[in-house]
Amino acid sequence: MGGAEVVVIGAGNAALCAALAAQGAGGSVRVLEIAPRAERGGNSSFTGGATRVAFNGVADLVSLMPDLTAAEQTDAEFGSYSEEEFFADMARVTENRADPDLVEVLVTNSFQTLLWMRENGVRFQPSYGRQAFKVDGRFQFWGGLAVEVNGGGPGLIDRLVAAVERRGIEIQYETRAVELLFDGHAVHGVKARCRGEAFDVAADAVVLASGGFEANREWRTRYLGPGWDLAKVRGTRFNLGDGIRMALDIGASPAGHWSGCHAVAWDMNAPEFGDLAVGDGFQKHSYPLGIMVNANGERFVDEGADFRNFTYAKYGRRILEQPGNFAWQIFDSQVTELLRSEYRIREVTVVRADSIEELADRLEGVDRHRLLSTIQQYNEAVQRTVPFNPNVRDGRSTEGLDPPKSNWANTISQPPFEAYMVTCGITFTFGGLKVDPTANVIDIYGQPIPGLYAAGELIGDLFYFNYPGGTGLTSGAVFGRLAGTGAATFAGAATPG
């Protein structure tokens, strides 16, 4: 069925950025997407659109968001987020295991890559709803995450697809890449299947951008461990690890944290896979404002250890480890107005009560007596002399509790009370392929595989144990752009004339 100079596998953020960059570098590009058109976009379609980027102040943000009015600039404290801070956050949350060369590429290319995305039709806006609280009439952004895509994940994919289609790049849907065409030295295309028909797609270079293996129940259990077959999948049902498998089959080197993943608190009654109609609304990320208890009625994490940006991606694992694989997040009226918008969706699993005793009676699967004791002990341990401030690590903590609550510790004492039942929702897996700073895939001997590039969630060596919120879209775009450019450059060199 013909070929192209560059074939891109996938049609999410990383893949579409790769396709645009490859054509921009002179390549003839073809995109193969396993999903039908209605489910295009991979995990990118399910994200809320938060995008972590280094910026030096509001002037940089105006470059990304030229529609930002003077009043909006005055009414918000955006702060800054330097490359040094971005790098330090990556090092800290990954416990210094992330490849520093890849992290440097990610950080130093973040701002220019977002500008490039804007040139290709993507629109950004301040992340008011999820990354800022209003204090004394001004929005104050926190956690270094001030930017999100207008329209969230669906808006991102719609605009990238529109840019791809404007340029005449073909996206072939319902087409699964199954094997790389490899002559023992270089990659020359892929074998694919579409609606029962098998065919080869010849190419001078291939970009793998088809996601991790989080939708593959068997691989989750094999690599993440027992119990992970029970986790819900936040995003697409099509991220089965195909790109990783194909590359490993020809000698690519595995890299990264294969037993680790991005996993969050996810509504207990969410479907097995993501629902595009709800998007990321099943997530429940306001736990730093309250407490989380398990079936035994006991707290099991420090809900206020850090901004949720830096804990949410690892707390899903902790929830999966609890009896029955669930937890309840509990809040009182002191903070319910601060809860994120996902707590107000129609599909939410919530219990409300006018007393702690009534709430304890209604929390399904929880030891009532132990829960009441836990809340009493927690309330007694709150250091009330420290002011509460949700925009900073306020140091309002507990004393004498294990685990402690290190910040934002308000008593659970003012009715009405609300509790939300959550389980583990896996976003993407951390294990993947080894790449160099140009996104060229590396083999087991430490050499680049000619004609093979990778981007997005199937890159290894970026995330270990944890993840700074908003980094996934940035990583996909940065390495997608590099992979597409590298593939087109390689293809041009490989094509006579």
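Residues numbered from 1 in each chain as written. Predicted model: local features only at pLDDT ≥ 70, side-chain atom pairs only at ≥ 80, totals over all residues. Heavy atoms only, no water.

*Asks:* Kindly report on the nonpolar core, identifying the contributing residues and their values.
*Replies:* Membership of the largest hydrophobic core comes to 126 residues, with the highest contact counts inside it found for L208, L452 and F479. Examining the composition of this core, we find that 10 residues originate from one element, helix α5 (residues 100–119), more than from any other. With sequence-adjacent residues up to four places away left out, F479 is seen in contact with L102, V105, L106, A439, A454, A455, I459 and L462. Membership of the second largest hydrophobic core comes to 23 residues, among which are I291, I356, A409 and F417. (Core = buried A, V, L, I, M, F, W, Y, C linked by side-chain atoms within 4.5 Å. Buried < 20%, exposed > 50% of the residue type's maximum accessible area, 1.4 Å probe, protein only. Helix = DSSP H or I, 4+ residues; strand = E, 2+ residues; numbered from the N terminus. Contact = heavy atoms within 4.5 Å.)

*Asks:* Quick one: what's the story with the sheet that holds strand β3 (residues 76–77), residue by residue and with numbers?
*Replies:* Strand order in the open sheet made by the 3 strands is β3-β6-β5, with mixed pairing throughout. Taken across any chain shown, the strands that pair with only one partner, and hence form the sheet edges, are β3 and β5 (132–135). Sheet topology places β5 next to strand β6 (residues 138–141); 4 bridges connect them, and they run antiparallel. Residue K134 lies in a different strand from β6, and its bridge partner there is F139. (Pairing = 2+ DSSP bridges.)

*Asks:* Residue-level account of the environment of R362, with values.
*Replies:* You can see R362 is positioned in helix α11 (residues 356–362). In sequence terms R362 and R352 are 10 residues apart; their C-alpha atoms lie 8.5 Å from each other. With sequence-adjacent residues up to four places away left out, R362 is seen in contact with V351 and R352.

*Asks:* Please provide a residue-by-residue account of the environment of G274, values included.
*Replies:* Considering the arrangement of structural elements, one finds G274 in the loop between β14 (261–267) and β15 (291–293). Considering only alpha carbons, one finds G274 and E197, 77 residues apart in sequence, at a separation of 28 Å.

*Asks:* Residue-level account of the packing of aromatic side chains, with values.
*Replies:* Scanning the entire structure with this criterion turns up 21 aromatic pairs. Taken together, a centroid distance of 5.7 Å and an interplanar angle of 90° make the contact between F331 and Y343 edge-to-face. Of this pair, F331 sits in strand β16 (residues 327–331) while Y343 sits in the loop between β16 and β17 (350–353), placing them 12 residues apart in sequence. Consider the rings of F428 and F463, whose centres lie 5.9 Å apart with planes at 65°: the pair is edge-to-face. With F428 in strand β18 (residues 417–429) and F463 in the loop between β21 (448–454) and α13 (471–494), this residue pair connects regions lying 35 residues apart in the sequence. Exposure class is identical for F428 and F463. Each is buried. Taken together, the aromatic side chains of Y312, F428, F430, F463 and Y467 make up a single cluster linked through ring pairs. The side chain of R92 reaches across the aromatic face of F310, ending 4.7 Å from its centre. Directly above the ring of Y312 sits R308, whose terminal nitrogen or CZ lies 4.7 Å from the centroid. (Phe/Tyr/Trp six-rings, centres within 6.5 Å; stacked < 30°, edge-to-face > 60°. Lys NZ or Arg CZ within 6 Å of the ring centre and 35° of its normal.)

*Asks:* Which residues make up the side chain of R118, and what are the values?
*Replies:* Position of R118 among the secondary structure elements: in helix α5. In this structure R118 is buried but unpaired, with D67 as the nearest side chain of opposite charge at 5.0 Å. Once residues within four sequence positions are removed from consideration, R118 is found in contact with S63, L64, P66, R123 and F124. (Lys, Arg positive; Asp, Glu negative; His and termini not counted. Salt bridge = Lys/Arg side-chain N within 4 Å of Asp/Glu carboxyl O.)

*Asks:* A description of helix α1 (residues 13–24) should follow, citing residues and the corresponding values.
*Replies:* The end-to-end C-alpha distance of α1 is 16 Å, a good match for the 16 Å that 12 residues give at a rise of 1.5 Å each. Here α1 lies mainly inside the structure; 10 of its 12 residues are buried. The first or second residue beyond α1 is G26, which carries a positive phi of 100°. (Expected span 1.5 Å × (residues − 1).)

By themselves, these observations are geometric and do not establish any function.
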